[in-house]
Amino acid sequence: MTRPTRSRRWSRAPLCMLALLLGACAVPFSEMQSARLTGPGRLEVVPNYSHIGLTGFKDERFSRIQQMQAGLQAATGLSDDVDLRLRYEGITLSEASSWVHMLALGAKLPLVRDQLALYLPVGFAFGSDIVIHRTWLTQPTLIATFALTDYLELNTSTKTVLPLRDPFDDLNMGVNVGLGISPEPEVWSIRPEAGMLYYFGGTGVAWQAAIGVAYYWDFAGK
């Protein structure tokens, strides 16, 4: 996922591949979760939608790109101290007709129960013209949750995006802020969110607005 640095190289690549190489097309960075663990015997499913815009890129084509992505996350507890979370995202761009797809799997570990957690996903992108082995990455993420009322919480996260092919060649940082609005906290919650992904080297910034609905099931009959 090395970022192209010369305009003559950019002119040879499809628009979606350009965005992929810059991290916008294949690096969804919304969170759609809190620091709380789902726990064993329970299932959390979160359908979600994100809209992303790009600013600050030297090539003016990127300022016109709008990225749309629809996704689904599912999590369950392997133990009281480990959640396993699977994520799928389908991604398209305003100036492209094709789709890019992303799969990620990660573990979430509590640092301070229900307040602070570490999330360690690893994922890859696939689709037309995508070289899968060049897209593997990890996003070490710190998630903090602040309970405002019994039905409302504030969630923040910060993450580092590390391509596994060459981690220090394309290092990016992301920040998200969102709410958990839970009329029935044990059954479902609404998760509106906003965030940004900063590309080191002054290349540009990706801004995202996202919305998701989390549903919870107790399949162990507890």
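Just so it is clear, the structure is predicted and the values come from calculations on it, not from any experiment.

What counts as what
Residues numbered from 1 in each chain as written. Predicted model: local features only at pLDDT ≥ 70, side-chain atom pairs only at ≥ 80, totals over all residues. Heavy atoms only, no water. 1 Å grid on protein atoms, 1.4 Å probe; cavity = no way out; pocket = protein on both sides within 12 Å on 5 of 7 lines; lining within 4 Å. Points joined across faces, edges and corners; volume = space filled by probe spheres on them. Helix = DSSP H or I, 4+ residues; strand = E, 2+ residues; numbered from the N terminus. Phe/Tyr/Trp six-rings, centres within 6.5 Å; stacked < 30°, edge-to-face > 60°. Buried < 20%, exposed > 50% of the residue type's maximum accessible area, 1.4 Å probe, protein only. Core = buried A, V, L, I, M, F, W, Y, C linked by side-chain atoms within 4.5 Å. Contact = heavy atoms within 4.5 Å.

Engineer: Before we go on, may I ask you to explain the layout of surface pockets in this structure?
Structural biologist: Gaps left between atoms show up when a probe the size of a water molecule is rolled over them. Quantified by volume, the largest pocket comes out at close to 430 Å³. Along the walls of the largest pocket sit 22 residues, with R36, E153, P185, E186 and Y216 positioned nearest its centre. Of all the secondary structure elements, the ones that give two or more residues to the lining of the largest pocket are strand 1 (42-55), strand 8 (152-163), strand 9 (172-184) and strand 10 (188-199).

Engineer: Quick question: what am I supposed to make of the packing of aromatic side chains here?
Structural biologist: Each aromatic ring pair is specified by the distance between its two centres and by the angle formed by the two planes. For the structure shown, the criterion picks out 3 aromatic pairs. Taking the centre distance of 6.0 Å and the plane angle of 45 degrees together, the rings of F124 and F126 count as tilted. The partly exposed category is assigned to F126, whose relative accessible area is 27%. Among the aromatic residues, ring-to-ring pairing joins F124, F126 and W136 into one connected group.

Engineer: What exactly am I supposed to notice about empty space enclosed by the protein here?
Structural biologist: Counting across every chain of the model gives 1 cavity of 30 Å³ or more. When its volume is computed, the largest cavity comes out at roughly 100 Å³. Forming the walls of the largest cavity are P28, R87, M102, A104, Y119, P121, V122, G123, L137, Q139, T141 and K159. Looking at the lining of the largest cavity, the elements that each hand over two or more residues are strand 4 (100-112) and strand 5 (116-127). The element contributing the most residues to the lining of the largest cavity is strand 5, with 4 residues.

Engineer: What is the right way to look at the nonpolar core in this model?
Structural biologist: One recurring pattern in soluble globular proteins: nonpolar side chains tend to sit buried together. By size, the foremost hydrophobic cluster in this structure holds 11 residues: V27, F29, I52, L54, I65, L93, L137, V161, L197, Y199 and A206. Breaking this core down by element, the ones donating at least two residues are strand 1 and strand 10.

Engineer: Looking at this model, I keep getting lost on the environment of G41. Mind explaining?
Structural biologist: Along the chain, G41 falls in the loop between helix 2 (15-21) and strand 1. In this structure, the C-alpha to C-alpha distance between G41 and T76, residues 35 residues apart in sequence, is 7.3 Å. Those residues in contact with G41 that sit more than four places away from it in its chain are W217, D218, F219 and A220.

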